[in-house]
Structure formats: C-alpha cells, structure tokens
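Now for the letters of each chain:
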Amino acid sequence: MAAVGSGARAGHENWSSRSAFILAAVGSAVGLGNMWRFPAEAGENGGGAFVLFYIFCVLLIGLPVLLSEVLIGRHGQANAPESVRKVARDSNAPEGWSVLASIGVFAAFLILSFYCVVGGWVVYYIGVFASDLFQTGLAGGAFEGRNPDDIKALMPGLFGDGSLMVALNLGFLAVTMFFVARGVSSGIEWVAVYLMPLFFIIFLAITIYGAFTGNFGDAVAYLFTFDFSKLTGEVMLAAVGQAFFSLSLGVAGMMTYGAYANRDTNLGETSGIIAGADTMVALLAGLAIFPIVFAAGLATNAGPGLMFESLPLAFQQMPFGSLIGLAFFVMVFFAALTSSVSLLEAPTAWTFEKFKIARPVATIIVGAGAAVLGALSALSFNDLAEFYPLGFIPLFAETNFFDTLDGLTAKLFMPIGAILTCIFVGWIADARLIDNENGLDGALHKLWRVLVRFVCPIVLAVILFVGLTS
Ligand code: TRP
C-alpha cells in the first residue's frame, strides 16, 4: 500500500528507459485510430481533401500540441490535472487551469468506452480467421469456396448480435484493465515493448505484400488528389478531430504518459518520432485498405465498418489468406491494446492519486464505468439503433450513442482541450519553465512558440466555429 498510499509523488513510477517511453507513446498513438478510424473518416469525407488537410493538421497543430502535453506531464510528474496544477503553481498562475485536464480525463474515459467496443470487433475477426485456418488448413485463400456475399455478411451479422457485441467489448476491456492494474513498468510498458515491435513487423509484411499484389493506382488517386471544393468546414473539423484522436491528444493521454518520462528525455525529438510513426501508419493503412474497397466495389463512405468489411474480401483472394488474415487482426489487436491501455491509464492515474486508493482498485472502478457506457455503445448498432442521445443538436441528429460519443470527443472535447492547452502553455505558464522542458532550440524553438501561441489556438478556434456552424 505504501507505494500508492501517500498521494501523487510517493508512488510515482517512471519508464525504465527512453525507448520504453517512445514505444509506449507510439503504442498509445498508433491504434484503431490509424487502422480503422482514419480510412473510415477519409472515406466519409471525400478522400484527398481530407487526407492532405489531415497531414497539415498533424504538422502544424498536432505536433506542437503533442509537445505541449508531454511537457506539462513531465514537469508535473503526476496525473494530468495535478500536473497542470503544478505547472500553474510554479508559474504563479491560477491553479484553476487544471480544469482543462480534468475535462480531458473525463473525455479519455468516454473514448475508452467505445474504443473497447471496436476492440471487441477485432477479437471477433481473430476468432473468424483462426477457426477458418483450423478448418481449411494453411494453403489457399481464406473462406475457401464461400461466396463473397457471405463474407460481406459477417459484419452485419456481428452488428446484429447485441449480446455478442457486449461480451466482446467486456473481454477487450478486461484485458486492458489487466495490464493497467499491473502498473507502469510491469504492465503498460510490457505491452508496448513486446507488442509494438511485433506490430510493426507484421504490418510491414502485410503492406509490402499488398503493394505487390493490389491495385494501388485508384487508392493513391483517391487519397492524394486534392480537390479544394471538397474542403468544407465539416471536413476540416473531421480532419482536426482525426489528427487529435490519432495522436492521443486533447484529452490528457499524452500528459499522463509524459509524467512518467525522465528529466533526460528530449521531448521535442520524442514528439517528432511519435507523430512521424503515427502518420506513416495511418497513410499506409489507407493504402492497404482502399485498393480493396475499390476492387470489391464497396462504398468508400461505409463508415465504421470499412476496414472490417473490406479486408476479409482481400484475404479470400490471397494465398495463405486465412493465415494472413489472422496475422492482420492479431496485429490490429496489439495496436489497439497499447492504445486502450493509455486511455484507461489517464482516468485511472487520476483516480488513485486523487482518492489515495490502490491502483488495481482504481482500475476496477474506472473499468466498471467504461463497461456500462461501452454496453450502450455496443447496443447502438442493434437494440438501441434508434436512440439518438443528442438528436436535438443538428451536428448529432440521427447519431446513435456510439457515434455521438465518438463525434463529441473528437469534434468538441479534443479541439477545446487543445486550444486551452495552447493558451496555457503559450501565454499563462512561465516561459522559462516551458523552455527548460521542451528540448528545442534555435529556429525550431521560435517556430514552436509561434505555433503554440498564435497559429494553433486561432486555427483551431476558426475550424471549430466553421465546423460547428456550417
Ligand atoms: N491514438 C489512439 C488511436 O489512434 C487512440 C487513443 C489512445 C487516444 N489514447 C488516446 C485518443 C488518448 C485520444 C486520447 O487508436
């Protein structure tokens, strides 16, 4: 008990090395956001215009905000609201700024709840491919002799089964809770250090395979042709939201991980590595998925089902398809787990430090809450499909529980959290304190300050306004 019993500082853990921090942070960033949400959002928002604006957002807004967040965490060495409070205190600024991180912790909890629902779908497809491999053996494509329509029916079949969806959601959440309960070095770091390298190996193998066998042309044209007329306010807001979601920003996740970083870690450099790896994986995932979408004649705007509907069709055509399909979904599972762990860690760290309870107890409390909300999200594809919790707001008209939580967090909580973070780091916090932490110098440092003080908050405010009112 002593380790966690005496508040924020006494039980505070650290990453065991700089590379452990990088792997954990990349693990947090790279996840379903890249493999599942990015292609779905790109498809729903018209392709190229979305993708290029997304890259613009990552570089100009995501990266500076990412550095701001890890910096706050590292200075504070505590859960996110407490870290903001410490930076404020050390800058003689009002401690009330910590509310920006309190909102974030709550938003991370909301994201966790529906993230584990999608994690459950991944588990389902692992089961589908594992049993297929078992039945048909190694050679040949997946689902041998089965009609493509049967394969297309897998996803609607799963969506229609409320109790299965809830069970899968709980299973994924339970695995996440197991690792968070074990703590920073033996739980969170363990998943990152073992699973992230495995993820990258399998991911590269599959993308290279796809590059040689798939038809890249249509996908490249779709994803990278910039059509200015398609860049509406709504598309821009979706792109910013996706950039934040993918980089785990705006909701205290990266502050929480920064708090476990040592003084000698160069945060500027680390942020660059995280953003670079994350963006590369998202673009490659798009290039892996869209060739199949076009080849199979699927709708690009299929939404959340896109990855799950398109890829199994491709695996049917491939030699060793069931094995590759299984490897693919196991890989997505690893990536999702290293992200869900970070989503659970932010509210859990706050809970056990704030209420001075043991980490496993806090994990169970937060997990139980996420289980309830998650069940509502899982059921919004079937029994609760007609339930539109915020239907009275135009942006969320005819939006089910799952999509409401997703939209609310990405399009509202994250941009607002990021605006407040920029104002806090750029204008409120003591400039010397900030400069000591960021690991940048020269022109890069000047650029970062301009971005954080002016560009990010203004651009974000404009996009938020245009996106919400158009
Ligand atoms: N970035 C993760 C992904 O792309 C999701 C995620 C993990 C996240 N932690 C977060 C999103 C914190 C927002 C905040 O899958």
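Note: the structure precedes this text.
For the structure given in this document, a descriptive report is provided here. A quick note: this is a predicted structure, and the numbers were derived from the prediction, not measured. (Residues numbered from 1 in each chain as written. Predicted model: local features only at pLDDT ≥ 70, side-chain atom pairs only at ≥ 80, totals over all residues. Heavy atoms only, no water.)

Quick look at the overall build of the protein chain now. If you tally the helices and strands in the protein chain, you get 21 helices and zero strands. Rg of the C-alpha trace for the protein chain: 21 Å, near the compact-globule value of 23 Å for 470 residues, within the 12% margin. By principal-axis analysis of the C-alpha atoms, the protein chain measures approximately 70 × 55 × 45 Å. Scored against the burial criterion, the 470 residues of the protein chain give a buried share of 60%. (Helix = DSSP H or I, 4+ residues; strand = E, 2+ residues; numbered from the N terminus. Rg over C-alpha atoms; globule rule 2.2 N^0.38 Å. Buried < 20%, exposed > 50% of the residue type's maximum accessible area, 1.4 Å probe, protein only.)

All told, the structure shown has 43 aromatic pairs when counted by the stated rule. For the pair Phe 159 and Phe 381, a centre-to-centre distance of 4.5 Å together with 35° between the ring planes defines the contact as tilted. In this pair, Phe 159 is assigned in helix 9 (residues 154-160) and Phe 381 in the loop between helix 18 (359-379) and helix 19 (401-428), connecting sequence segments 222 residues apart. On the basis of relative accessible area, Phe 159 is assigned to the buried category, the value being 15%. Relative to Phe 179, the ring of Phe 178 has its centre 5.1 Å away and its plane inclined at 80°; by these criteria the two rings are edge-to-face. (Phe/Tyr/Trp six-rings, centres within 6.5 Å; stacked < 30°, edge-to-face > 60°.)

Right, let's talk about the state of the cysteines for a bit. Put plainly, a disulfide is one covalent bond tying together the sulfur atoms of two cysteines. In the structure shown here, the tally under the stated rule is zero disulfides. The thiol of Cys 422 is unpaired, and the distance to the nearest cysteine sulfur, on Cys 456, comes to 4.5 Å. Judged by relative accessible area, Cys 422 falls into the buried class, the value being 0%. (Disulfide = S-S within 2.5 Å.)

The environment of the ligand is formed by 16 residues, the closest being Gly 33, Tyr 115, Phe 245, Val 251 and Ser 342. A distance of 2.8 Å separates a nitrogen atom of the ligand from a polar atom in the backbone of Phe 245. Contact between the ligand and Ser 342: a nitrogen atom at 2.9 Å from a side-chain N or O atom of the residue. When the ligand is considered free in solution it has 360 Å² of accessible area, and contact with the protein chains removes 100% of it. Residue assignment for the shell around the ligand shows that the elements contributing at least two residues are helix 3 (18-29), helix 4 (32-44), helix 7 (99-136), helix 13 (233-246) and helix 17 (321-354). For the shell around the ligand, the residue count by class is eight nonpolar, eight polar and no charged. (Near = heavy atom within 4 Å. Polar contact = N/O pair within 3.5 Å; in protein donor to acceptor, adjacent residues only side chain to side chain. Areas by Shrake-Rupley, 256 points an atom, 1.4 Å probe, with all protein chains shown as cover. Nonpolar A, V, L, I, M, F, W, Y, C, P; charged D, E, K, R; others polar.)

Note that soluble globular proteins tend to have their nonpolar side chains buried in a common cluster. Trp 15, Met 35, Trp 121, Met 307, Phe 308, Phe 328 and Phe 329 are the most contacted members of the largest nonpolar core, which totals 174 residues. Element by element, the count of residues in this core is highest for helix 7, at 21 residues. (Core = buried A, V, L, I, M, F, W, Y, C linked by side-chain atoms within 4.5 Å.)

Further remarks concern the packing of helix 10 (residues 162-181) against helix 18. Contact geometry of helix 10 with helix 18 gives a least axis separation of 9 Å together with a crossing angle of 160°. With respect to helix 18, the element helix 10 is oriented roughly antiparallel. The way helix 10 lies across helix 18 gives a crossing that is right-handed. Contacts between helix 10 and helix 18 pair Gly 162, Met 165, Val 166, Asn 169, Leu 170, Leu 173, Met 177, Val 180 and Ala 181 from the former with Arg 359, Pro 360, Thr 363, Ile 364, Gly 367, Ala 370, Ala 371, Gly 374, Ala 375, Ala 378 and Leu 379 from the latter. Here the residues of the contact of helix 10 with helix 18 are counted per class, giving 14 nonpolar, five polar and one charged. (Axes fitted to C-alpha atoms, helices over the stretch in contact; angles between N-to-C directions. Parallel < 35°, antiparallel > 145°, perpendicular 65-115°, else oblique. Left-handed = near helix turned anticlockwise from the far one by under 90°. Contact = heavy atoms within 4.5 Å.)

A word on the side chain of Glu 41. Residue placement: Glu 41 occurs in helix 4. It is Arg 37 that comes nearest to the buried, bridge-free Glu 41 among opposite-charge side chains, at 4.1 Å. (Lys, Arg positive; Asp, Glu negative; His and termini not counted. Salt bridge = Lys/Arg side-chain N within 4 Å of Asp/Glu carboxyl O.)

Fair warning: the whole summary comes from geometry, so function is off the table for now.
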